[in-house]
Amino acid sequence: QVQLVESGGGLVQPGGSLRLSCAASGSISSIYAMAWYRQAPGKQRELVAIITRGGTTNYADSMKGRFTISRDNAKNTVYLQMSSLKPEDTAVYYCNLQSTYGTIYWGQGTQVTVSS
């Protein structure tokens, strides 16, 4: 079936940058959109950014101007470029894939820690 594998997380100082990657594999010929979510301990999972098949993007207000979502169609991979990171950005970041048939898939998540 479909698998999503996130990578690129780690420890970064405030003001630093990271780029997350999510590679999709399996029977995923009909992708409608891919997205990034995040979840801090004890908090609800929240949308970070989304990119559709048509290339339209949307961001949560707190990430606008700092985060950029992009994709590499040849590799079935979506990226999240994060800049000017803040301690409040510390969370597990999850990749999400939405098929044209309405099926939703999740990755296992990658930890991002913003701290000195």
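Look above for the structure.
All residue numbers refer to position in the chain's written sequence, counted from 1. It should be noted that, the model being predicted, local features are given only for residues of pLDDT at least 70 and side-chain atom pairs only at 80 or more, the latter also being counted only at that level, while totals for whole chains, interfaces and linings use all residues. The side-chain numbers reported here are obtained from all heavy atoms of the structure, hydrogens and water having been left aside.

### A look at the overall build of the protein chain
Part 1 of the argument: Per the secondary structure count, the protein chain includes 0 helices and 11 strands.
Part 2 of the argument: We count a stretch as a helix when DSSP gives it H or I for four or more residues in a row; a strand needs E for two or more, and each element gets its number in order from the N terminus. Start at the N end of the protein chain and walk to the C end: the helices and strands fall as β-β-β-β-β-β-β-β-β-β-β.
Part 3 of the argument: A radius of gyration in this sense is built from C-alpha atoms; the matching globule rule multiplies 2.2 Å by the number of residues raised to 0.38. The C-alpha atoms of the protein chain give 14 Å as radius of gyration, which agrees with the globular expectation for 116 residues (13 Å, within 12%).
Part 4 of the argument: A principal-axis box enclosing the C-alpha atoms of the protein chain has dimensions of 40 × 25 × 25 Å.
Part 5 of the argument: Of all 116 residues assigned to the protein chain, the portion counted as buried reaches 42%.
Part 6 of the argument: Only carbon and sulfur atoms are counted for the fraction: they give 46% of the accessible area of the protein chain, which is about 6300 Å².
Part 7 of the argument: In the protein chain, 10 side chains carry a positive charge and 6 a negative one; their mean positions are 4 Å apart. Think of it in three bands: residues with accessible area under 20% of the maximum for their type are buried, residues over 50% are exposed, and the middle band is partly exposed, with areas taken using a 1.4 Å probe on protein chains only. The Shrake-Rupley method, run with a 1.4 Å probe, gives the accessible areas here. Residue values count only the displayed protein chains as cover. Under this rule, positive means Lys or Arg and negative means Asp or Glu; His and the chain ends count for nothing. Charged groups are reduced to one reference atom each: NZ for lysine, CZ for arginine, CG for aspartic acid, CD for glutamic acid.

### Side note on the pairing of strand E1 (residues 3–7)
Part 1 of the argument: Only one face of E1 is covered, namely the face carrying Leu-4 and Glu-6; the face carrying Gln-3, Val-5 and Ser-7 is uncovered.
Part 2 of the argument: Any two strands with at least two DSSP bridges between them are considered paired. In this sheet, strand E3 (residues 18–25) lies alongside E1 in antiparallel orientation, the contact comprising 5 bridges. Each bridged residue has a counterpart across the sheet, and for Leu-4 the counterpart in E3 is Ala-24.

### Considering the pattern of salt bridges
Part 1 of the argument: For this analysis, a salt bridge means a side-chain nitrogen from Lys or Arg found within 4 Å of a carboxyl oxygen belonging to Asp or Glu. With the rule as written, the count across this model stands at 3 salt bridges.
Part 2 of the argument: Note that Asp-89 and Arg-38 form a salt bridge whose closest N and O atoms lie 2.9 Å from each other. Of this pair, Asp-89 sits in the loop between strand E8 (77–82) and strand E9 (91–99) while Arg-38 is found in strand E4 (residues 31–39), placing the two residues 51 residues apart along the sequence.
Part 3 of the argument: The exposure class assigned to Arg-38 is buried, which follows from its relative accessible area of 7%.
Part 4 of the argument: One salt bridge connects Arg-66 with Asp-89, and the closest N-O pair in it is separated by 2.8 Å. Placement of the pair is Arg-66 in the loop between strand E6 (57–59) and strand E7 (67–72) and Asp-89 in the loop between E8 and E9, with a sequence separation of 23 residues. As far as burial versus exposure is concerned, Arg-66 and Asp-89 are alike and both buried.
Part 5 of the argument: Through salt bridges with shared partners, a single network forms among Arg-38, Glu-46, Arg-66 and Asp-89.

### Notes on the packing of aromatic side chains
Part 1 of the argument: Classification of ring pairs uses Phe, Tyr and Trp, with its six-membered ring standing for Trp, and accepts pairs whose centres are within 6.5 Å; under 30 degrees between planes counts as stacked, over 60 as edge-to-face, and the remaining range as tilted. Applying the stated criterion across every chain yields a total of 1 aromatic pair.
Part 2 of the argument: Between Tyr-37 and Trp-106, the ring centres sit 5.0 Å apart and the planes meet at 65°, which makes this aromatic pair edge-to-face. Of the two residues, Tyr-37 sits in strand E4 while Trp-106 sits in strand E10 (residues 104–106), which places them 69 residues apart along the sequence.
Part 3 of the argument: When the NZ atom of lysine or the CZ atom of arginine is within 6 Å of a ring's centre and also within 35 degrees of its normal, the charge is said to sit over that ring. In this structure, Arg-45 packs its charged tip against the face of Tyr-94, placed 3.8 Å from the ring centre.
Part 4 of the argument: Here the basic side chain of Arg-45 rests over the ring of Trp-106, its NZ or CZ set 4.7 Å away from the ring centre.

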